[in-house]
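# An overview of the molecular structure
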Amino acid sequence: MSQEISHTGKVLSVGPKVTTVEIVSKSACASCHAAGLCTAFESVQKQVEVPTDPAAGFTPGEEVEVTLRGSLGTKAVLLAYVVPLFILLILVVSLSFTDMHELAVAAAGLGGMAVWYGILWFFRGSLEREYRFYARRK
């Protein structure tokens, strides 16, 4: 899969190893003519660290495009949302057929999800190495 997820951002700082880029995530209604008046309009600023490319020679304030492979976005959704949902459903449905109290079933489901997120946290180093953003000039 060669598709990329990309966002336009502005370089905040350039270090020897890491370049910090600020991207602005806008809601789907950002293109609406009434977005300035509507309370549903949302814009969030995020800072992303990308490996510094000495050959690129980025300068603070420069506008760049930050990209990530599309397949990694799909994998991130699976790891963060789909797998925990299945863990919750499997635990709640299977334990509901036992004589356990509903509160204990709910606690077991949430505990299973907490264990999954703990596993993800434990492997965060390898996930950080795999999920690398890259910057290029627009």
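The paragraphs below set out a description of the structure included in this document. Just so we're clear, the structure is a prediction, and the values are computed from it rather than from any experiment.

Reading the values: rules and limits
- Note that residues are indexed from 1 along each chain, following the sequence as it is written.
- Reporting in this predicted model follows two pLDDT cut-offs: at least 70 for local features of residues, and 80 or more for side-chain atom pairs to be given and counted; totals over whole chains, interfaces and linings ignore these cut-offs and use all residues.
- Side-chain measures were taken over the full set of non-hydrogen atoms in the model, leaving aside hydrogen atoms and water.
- In DSSP terms, a helix is any run of H or I states spanning at least four residues, a strand is any run of E spanning at least two, and both are numbered starting from the N terminus.
- Should any heavy atoms of two residues lie within 4.5 Å, those residues are considered in contact.
- Note that patches include only residues with greater than 30% relative accessible area and no salt bridge, and the join distances are 9 Å for like charges and 5 Å for nonpolar side chains (Val, Leu, Ile, Met, Phe, Trp, Tyr).
- All accessible areas in this document rest on Shrake-Rupley with a 1.4 Å probe, and a residue is counted as covered only by the protein chains that are shown.
- Salt bridges are counted wherever a side-chain nitrogen of Lys or Arg sits within 4 Å of a carboxyl oxygen of Asp or Glu.
- Per-residue accessibility, obtained with a 1.4 Å probe over protein chains only, is compared with the maximum for each type, and a residue is labelled buried under 20%, exposed over 50%, and partly exposed between these values.

## Things to note about the side chain of Thr 67
Here Thr 67 is to be found in strand β4 (residues 63–69). Once you skip the residues sitting within four places of it in the chain, Thr 67 turns out to touch Glu 4, Ile 5, Ser 6, Arg 132, Phe 133, Tyr 134 and Arg 136.

## A short note on a nonpolar patch on the surface
A surface patch of nonpolar side chains, amounting to about 580 Å² of accessible area, comprises Val 115, Ile 119, Trp 121, Phe 122 and Phe 123. Relative to the helices and strands, Val 115 is located in helix α2 (residues 102–122). Residue classification places Val 115 among the exposed positions, given a relative accessible area of 52%.

## Things to note about the environment of Ser 71
Note on placement: Ser 71 falls in helix α1 (residues 70–96). On the basis of relative accessible area, Ser 71 is assigned to the partly exposed category, the value being 28%.

Limitation: the analysis is restricted to geometry and does not speak to function.
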